[in-house]
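Observations on chain architecture
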Amino acid sequence: MTFRALIKRSVALTCAYYLHDDWRARRRLAAGRLESASGARHAGLDIAASLRYVERVYGDYLAYGGVTHFSGSVAEIGPGDSFAVALRILGAGAGHVHAIDRWVSRRDGEAQRRIYGALSERHGLGHLFEGVPAEETIKNLTYHAGQPAEAFFHDSGLRFDAILSRAVMEHLYDPLAALDGMARSLKPGGIMIHRIDLRDHGMFSGHHPLTLLTFSDGLHRRMTRGAGRPNRVLIDGYREWLQHSGLSGGITISRLAGVGEEQDPAPWQALDDSAKSRALECVRTIRPRLSGRFKAMADEDLAVAGLVLVARRNGG
Ligand SMILES: C[S@@+](CC[C@H](N)C(=O)[O-])C[C@H]1O[C@@H](n2cnc3c(N)ncnc32)[C@H](O)[C@@H]1O
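Residues numbered from 1 in each chain as written. Predicted model: local features only at pLDDT ≥ 70, side-chain atom pairs only at ≥ 80, totals over all residues. Heavy atoms only, no water.

**Section: the environment of Ser254**
Among the structural elements, Ser254 can be located in strand β8 (residues 248–256). Once residues within four sequence positions are removed from consideration, Ser254 is found in contact with Arg195, Glu262, Gln263, Pro265, Gly306, Leu307 and Val308. (Helix = DSSP H or I, 4+ residues; strand = E, 2+ residues; numbered from the N terminus. Contact = heavy atoms within 4.5 Å.)

**Section: the nonpolar core**
Of all hydrophobic cores here, the largest spans 51 residues; its most connected members are Phe153, Ile163, Met182, Met192 and Tyr238. A total of six residues in this core trace back to one element, the largest contributor, which is helix α10 (residues 273–286). Residues contacting Tyr238, with those up to four places away along its chain left out, are Met169, Pro175, Leu176, Leu179, Ile196, Leu198, Val233, Ile251, Leu307 and Leu309. One finds Leu62, Leu125, Val308 and Val310 within the second-largest nonpolar core, a separate group that totals 33 residues. (Core = buried A, V, L, I, M, F, W, Y, C linked by side-chain atoms within 4.5 Å. Buried < 20%, exposed > 50% of the residue type's maximum accessible area, 1.4 Å probe, protein only.)

**Some words on the pattern of salt bridges**
All chains considered together, the criterion is met by 23 salt bridges. Across the pair Asp217 and Arg293 runs a salt bridge whose closest N-O atoms are separated by 3.4 Å. You can see Asp217 sitting in helix α8 (residues 217–224) and its partner Arg293 sitting in helix α11 (residues 292–295), a full 76 residues away along the chain. Accessibility expressed as a relative area gives 36% for Asp217, which makes it partly exposed. Note that Arg255 and Glu262 form a salt bridge whose closest N and O atoms lie 3.2 Å from each other. Each of Arg56, Asp60, Arg166, Arg195, Arg255 and Glu262 takes part in salt bridges that share partners, so that together they form one network. (Salt bridge = Lys/Arg side-chain N within 4 Å of Asp/Glu carboxyl O.)

**Remarks on the side chain of Ser50**
In this fold, Ser50 is placed in helix α3 (residues 47–65). Judged by its relative accessible area of 2%, Ser50 is buried.

**Observations regarding the pairing of strand β6 (residues 160–166)**
For β6, the buried fraction is high: six of the seven residues fall into the buried class. One ladder, built from four bridges, connects strand β2 (residues 72–77) with β6; its direction is parallel. By the bridge assignment for β6, Ile77 is matched with Ser165. One ladder, built from six bridges, connects β6 with strand β7 (residues 186–197); its direction is parallel. Looking at β7, one finds that Arg166 is bridged to Arg195. (Pairing = 2+ DSSP bridges.)

**Overview of the site of the ligand**
Arg41, Tyr53, Gly78, Asp101 and Ala149 are the nearest of the 21 residues found near the ligand. Contacts to the ligand include Tyr53, whose side-chain N or O atom sits 2.6 Å from an oxygen atom. Between a nitrogen atom of the ligand and a main-chain N or O atom of Ala149, the distance comes to 2.9 Å. Starting from 600 Å² of accessible surface for the ligand in isolation, the protein chains cover 95%. For the shell around the ligand, the residue count by class is nine nonpolar, seven polar and five charged. (Near = heavy atom within 4 Å. Polar contact = N/O pair within 3.5 Å; in protein donor to acceptor, adjacent residues only side chain to side chain. Areas by Shrake-Rupley, 256 points an atom, 1.4 Å probe, with all protein chains shown as cover. Nonpolar A, V, L, I, M, F, W, Y, C, P; charged D, E, K, R; others polar.)

**Things to note about the sheet that holds strand β3 (residues 94–101)**
Overall, mixed pairing links the seven strands, which are arranged β5-β3-β2-β6-β7-β9-β8 in an open sheet. The open sheet has two edge strands with one neighbour each: β5 (141–145) and β8. Between one strand and the next, the sheet's axes are offset by a mean angle of 15 degrees, whatever the strand orientation. With seven bridges joining them, β7 and strand β9 (residues 304–312) adopt antiparallel strand pairing. Following the sheet pairing, Ile191 is matched in β9 by Arg312. Contacts from α3 reach β6, β7 and β9 within the one sheet, and its direction differs from that of β6 by about 125 degrees. (Axes fitted to C-alpha atoms, helices over the stretch in contact; angles between N-to-C directions.)

**Some points on unusual backbone geometry**
Phi is positive for Asn140, close to 60 degrees, though the residue is something other than glycine. Looking at the element boundaries, Asn140 is found in the loop between α5 (109–123) and β5. The partly exposed category is assigned to Asn140, whose relative accessible area is 39%. In this structure, His201 is a non-glycine residue whose phi angle is positive, near 55 degrees.

**Quick notes on the packing of aromatic side chains**
Throughout the structure, instances matching the rule amount to eight aromatic pairs. With centroids separated by 6.4 Å and ring planes inclined at 50 degrees, the aromatic side chains of Tyr116 and Phe129 adopt a geometry described as tilted. Taken as a pair, Tyr116 in helix α5 and Phe129 in the loop between α5 and β5 lie far apart in primary sequence, 13 residues in all. Grouping residues by exposure puts Tyr116 and Phe129 together as buried. Centroid distance Phe152 to Phe160: 6.4 Å. Interplanar angle 35 degrees. Geometry classified as tilted. Across this residue pair, the class does not change: Phe152 and Phe160 are buried. One aromatic cluster is present, formed by Tyr17, Tyr18, Phe204 and Phe215 through successive ring pairs. (Phe/Tyr/Trp six-rings, centres within 6.5 Å; stacked < 30°, edge-to-face > 60°.)

Put into structure tokens, the structure is as follows:
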């Protein structure tokens, strides 16, 4: 057994590892070192798989928002190692995309050039590049690297017609404060769409899927905040935020605790009964070990492991 596997077998040792790792991540950030392995989605994908991923993410945004395209000024939070989704958004008529990221994900420049080239050919996007398709030549794209969403939407003064993210909100150290900033940054008629994965991202793989909810807030914060590991804002937090946001919108469920397969985003009542039973059983088996505020939550809320939040500012 490897040393890593040995540590992973023990929840206490795994916590000790994350405490140390988060301390190191905070030191790197303080020194201005932004490189990160997080968000390197395309590493290890061949071009066909990369293109499928990009088209899926873009298509999901349109479907969730019930729109045919995005126009005006668009913010994509946490693009990771590729601006290919931003390119699709620009290609369909948006005027400008602002890509906002707390880190700079490691990327394979050559693989990305192939993706941009293939998308350019497939969708006739040559006019969006200043020269050969590459990250540096995409027109009307601004990369705000090293900017946490929490600060960016409060400080930038920019206004947006759409604010989009996928697999990002769960990494924010204060997602509800970031949402407040986003709500203020939305133009009348503007929309925000966030697909949020509430699982522990493998932190305690091999243990109960909700192990992350058994620790005190202080311990959780010290294991996650600097490295961008999952926060513990769950569906109840997003629901309450939406109710008080002044925006209109809704939340649908895309994953259930302890259930492998994703769900087509839908309200709780419309989800598959057997998947819901499995998720509720998963919650019941850990309930006695949950920490403070999670104990007070309804089983149905704890059973939600992924969601899509869509909110619009009326007018426009
Ligand atoms: C799991 S990756 C998702 C990448 C991409 N959206 C995708 O679907 O493949 C999470 C991204 O969020 C970024 N991120 C994490 N915390 C952030 C924050 N506080 N503000 C802005 N971006 C953040 C990471 O650097 C990374 O690019």
